[in-house]
Amino acid sequence: MTLQQEIVGNATQLAVVSLRPGQSVYGEAGTFLFKTPNVTVETRPAGRSGGGSGGQRSPGGGAGGLLRQAMGTSPQTGRRAPTGEPAAFQHFTAQDDEGTVGFTGVLPGELRALELDGTCAWFAGRSAFVAAESTVDLRIAVQGGRTGTKGDDGSVLGKLTGHGTVIIAGAGTFIDLDPADFGGRIDVATGCVVAFEESIRYDVRRVGGLNRPGLVNTVLGGEGLSLATLEGGGRVILQSLTLESLAGALRKARGGDDQGPAGGVFPTPTG
């Protein structure tokens, strides 16, 4: 059953979700904005089974051990690990009457609702997931193993399966692409990937090696360039603003760039 929702706003959008009696939606604590009094809230550790409308599993239902291992923390702590994945989700359920819940993303940008019909899964990047109805399952998927699983290089993604509505967020403006329209492959900065269909083959790789061109890419590219390679045919959603670029702009705006002229490889001289 499709989640009734409306996305409003311009530069920073929010999703207003209307719940039928007994219907549930879950999201991250940092994305919740408001609710009506008849909507109850329950915080559940990721990986805990049970609950939710239709008897569906909580996010990460069958892969709780993998989720906790990827996060390196106990599910009761509520902390985030370097993967950026939460240890718990907030579940909202309308009681006795229709209810309303508001969500937003963690960065200025757009929201979008994806409809899952059970035939095609979606993968979502770090910070892209906002909320979903309880009939959607969210699990950790490790991709692009060439660069490890730090979580900040695009190698750890969330896999969304099941039936129902998922709300995702992107910083800046959404860009919709299909690699099939570009010869079957596109290379993008890892921080730009918001989500893509499971028909897309995804990998993460470093640009250059231990040679002069590779070292130049590392020095002048800031933290070193990582590229996400997306191949095949299917929907790909990118974002025009990354957390790294926003953080860099804020550092410069406050009167200094502590990364230095070589993008963090050599510090800015002091004194």
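Above: the structure in question.
What counts and how
Residues numbered from 1 in each chain as written. Predicted model: local features only at pLDDT ≥ 70, side-chain atom pairs only at ≥ 80, totals over all residues. Heavy atoms only, no water. Pairing = 2+ DSSP bridges. Helix = DSSP H or I, 4+ residues; strand = E, 2+ residues; numbered from the N terminus. Axes fitted to C-alpha atoms, helices over the stretch in contact; angles between N-to-C directions. Core = buried A, V, L, I, M, F, W, Y, C linked by side-chain atoms within 4.5 Å. Buried < 20%, exposed > 50% of the residue type's maximum accessible area, 1.4 Å probe, protein only. Contact = heavy atoms within 4.5 Å. Salt bridge = Lys/Arg side-chain N within 4 Å of Asp/Glu carboxyl O.

*Asks:* How should the sheet that holds strand β2 (residues 14–19) be read in this particular structure?
*Replies:* Whether parallel or antiparallel, the strands of a sheet pair through hydrogen bonds between backbone atoms. Strand order in this open sheet of four strands is β1-β2-β7-β4, and the pairing throughout is antiparallel. What marks the edges here is a single partner per strand, and that holds for β1 (4–8) and β4 (32–35). Within the sheet, the average angular offset between the axes of one strand and its neighbour, ignoring direction, is 20 degrees. Strand direction decides the pairing type here: β2 and strand β7 (residues 99–104), joined by six bridges, are antiparallel. Pairing of Val16 across the sheet is with Gly102, part of β7.

*Asks:* Looking at this structure, I do not really get the nonpolar core. What am I missing?
*Replies:* Phe129, Leu160 and Val166 are the most contacted members of the largest nonpolar core, which has 19 residues in total. Top contributing element to this core by residue count: strand β12 (residues 156–171), with three residues. Not counting chain neighbours up to four residues away, the residues in contact with Phe129 comprise Tyr26, Gly27, Glu28, Thr31, Phe89, Leu138, Leu160, Val166 and Ile167.

*Asks:* Explanation requested: the sheet that holds strand β17 (residues 226–231) in the structure shown.
*Replies:* Pairing in this open sheet of three strands is antiparallel, and the strands run β14-β17-β16 from one edge to the other. Of all the strands in the sheet, the pair left with one neighbour each is β14 (185–189) and β16 (201–206). Direction aside, neighbouring strands of the sheet carry axes that sit 25 degrees apart on average. Across six bridges, the pairing between β16 and β17 is antiparallel. Within β17, the position partnered with Arg201 by the bridge is Glu231.

*Asks:* Explain the pattern of salt bridges to me, please; I cannot follow it from the model alone.
*Replies:* A side chain of one charge can pair with a side chain of the opposite charge when the charged atoms of the two come close. Enumeration over the complete set of coordinates arrives at five salt bridges. Between Arg44 and Glu42 there is a salt bridge, with the nearest N and O atoms lying 3.2 Å from each other. By relative accessible area, Glu42 is classed as partly exposed at 31%. A salt bridge links Arg205 to Asp187; the shortest N-O distance between them is 3.2 Å. With Arg205 in strand β16 and Asp187 in strand β14, this pair connects stretches of sequence that are 18 residues apart. Each of Arg185, Asp187 and Arg205 takes part in a single network of salt bridges with overlapping partners.

Any functional reading would require information that these geometric values do not contain.
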